[in-house]
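Topology and contacts: notes
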Amino acid sequence: MQAMGLKDVQLALERLELEIEIMAFDSSTATSQQAADSARCELGQIVKSLGFLIEKSKPVLVLAGGDQSVDDRKLASLFQVGRKKVRMMNPEQCLSILGYAPGGVPPLGHRQPDIPVILDDNLRRYDIVYAAGGAANAIFPIELAVLRAVTQAVFADIAKA
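Each value, and the rule that gives it
- Residues numbered from 1 in each chain as written.
- Predicted model: local features only at pLDDT ≥ 70, side-chain atom pairs only at ≥ 80, totals over all residues.
- Heavy atoms only, no water.
- Buried < 20%, exposed > 50% of the residue type's maximum accessible area, 1.4 Å probe, protein only.
- Helix = DSSP H or I, 4+ residues; strand = E, 2+ residues; numbered from the N terminus.
- Arc of directions from axis to C-beta.
- Contact = heavy atoms within 4.5 Å.
- Polar contact = N/O pair within 3.5 Å; in protein donor to acceptor, adjacent residues only side chain to side chain.
- Core = buried A, V, L, I, M, F, W, Y, C linked by side-chain atoms within 4.5 Å.
- Salt bridge = Lys/Arg side-chain N within 4 Å of Asp/Glu carboxyl O.

A separate point is helix H4 (residues 91-98). Along H4, the residues classified as buried are Cys94, Ile97 and Leu98. Angular distribution of buried residues about the axis of H4 spans 90 degrees; they occupy a single face of the element. Where H4 is buried, its residues touch strand E2 (46-54) and strand E3 (58-65). Between the side-chain oxygen at the start of H4 and the backbone nitrogen of Glu92 there is a gap of 3.0 Å, and the oxygen is on Asn90. Downstream of H4 by a residue or two, Gly99 has a phi angle that is positive, lying close to 100 degrees.

Shown next as structure tokens:
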């Protein structure tokens, strides 16, 4: 299955009537630290887009700050399932469900529409955050309120203590 890319994310941003240009870099932005270094922002401002499967078949996208780790117990509790019913997507699942390879998964413009999105409460520290732009060397800035609105995300405490 072919990976989607930067152009797909830019098109999704345009469809949402957002005047945001994706920034492409010569170096990788695949890790949160690399992205923060490239954007010259705080590590916590980087939005990690992490795909999870609940009970093997229900995809959910978790958006967490680059300085946070997701607590699968909290995520399981949110969906009222046992912790073992929550699994991070493997690279093949990321590609087939979300459309992107890990390290470049954006918060929007996915292959499968209407995937529930959870925003970690810790992101509320920032007005502007930076999300992956569909490639391992691309990110874009977005106001957190706008990101929440366009993804129809729900805020929740899902970070490890």
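After that view of the structure, there is still more to cover.
This part takes up the side chain of Ser38. Take Ser38: it is sitting in helix H2 (residues 32-39). Note on Ser38: relative accessible area 18%, which makes it buried. Once residues within four sequence positions are removed from consideration, Ser38 is found in contact with Phe25, Ser27, Ser28 and Thr29.

Within the largest apolar cluster, 31 residues are counted, with the highest numbers of intra-cluster contacts made by Leu13, Leu63, Leu98, Val129, Phe140 and Leu147. For this core, the secondary-structure elements that each account for two or more residues are helix H1 (6-15), E2, E3, H4, strand E5 (117-120), strand E6 (128-132), strand E7 (138-143) and helix H5 (144-151). Non-local contacts of Phe140, meaning those with residues more than four positions away in its chain, are made with Val9, Leu13, Ile20, Glu21, Ile22, Pro107, Val129, Tyr130, Ala131, Ala132 and Gly133. Counting 14 residues, the second-largest nonpolar core is a separate cluster that includes Phe52, Leu75, Ala156 and Ile158.

Here we come to the pattern of salt bridges. Applying the stated rule across the entire model yields 5 salt bridges. Between Asp72 and Arg83 there is a salt bridge; the shortest N-O distance is 3.6 Å. Here Asp72, found in helix H3 (residues 72-78), pairs with Arg83, found in the loop between H3 and strand E4 (86-88); they are 11 residues apart in sequence, far enough to count as distant. Under the relative-accessibility criterion, Asp72 is labelled partly exposed at 22%.

Another aspect to go through is unusual backbone geometry. Even without being a glycine, Glu17 presents a positive backbone phi close to 60 degrees. For Glu17, the position within the fold is in the loop between H1 and strand E1 (23-24). For Glu17, a relative accessible area of 72% gives the class exposed. For Gln152, which is not glycine, the phi torsion reads 55 degrees and is therefore positive. Following the sequence through the fold, Gln152 ends up in the loop between H5 and strand E8 (154-156). Residue Gln152 is classed as exposed on the basis of its relative accessible area of 65%.

The topology assignment puts Ala153 in the loop between H5 and E8. Exposure remark for Ala153: the relative accessible area of 6% places this residue in the buried category. A C-alpha to C-alpha distance of 7.0 Å links Ala153 and Pro116, two positions 37 residues apart in sequence. Excluding its chain neighbours within four sequence positions, the residues that come into contact with Ala153 are Val117, Leu119 and Arg148.

Residue placement: Ser32 occurs in helix H2. The contact partners of Ser32, leaving out residues within four places of it in the chain, are Leu43, Ile46, Lys48 and Gly66.

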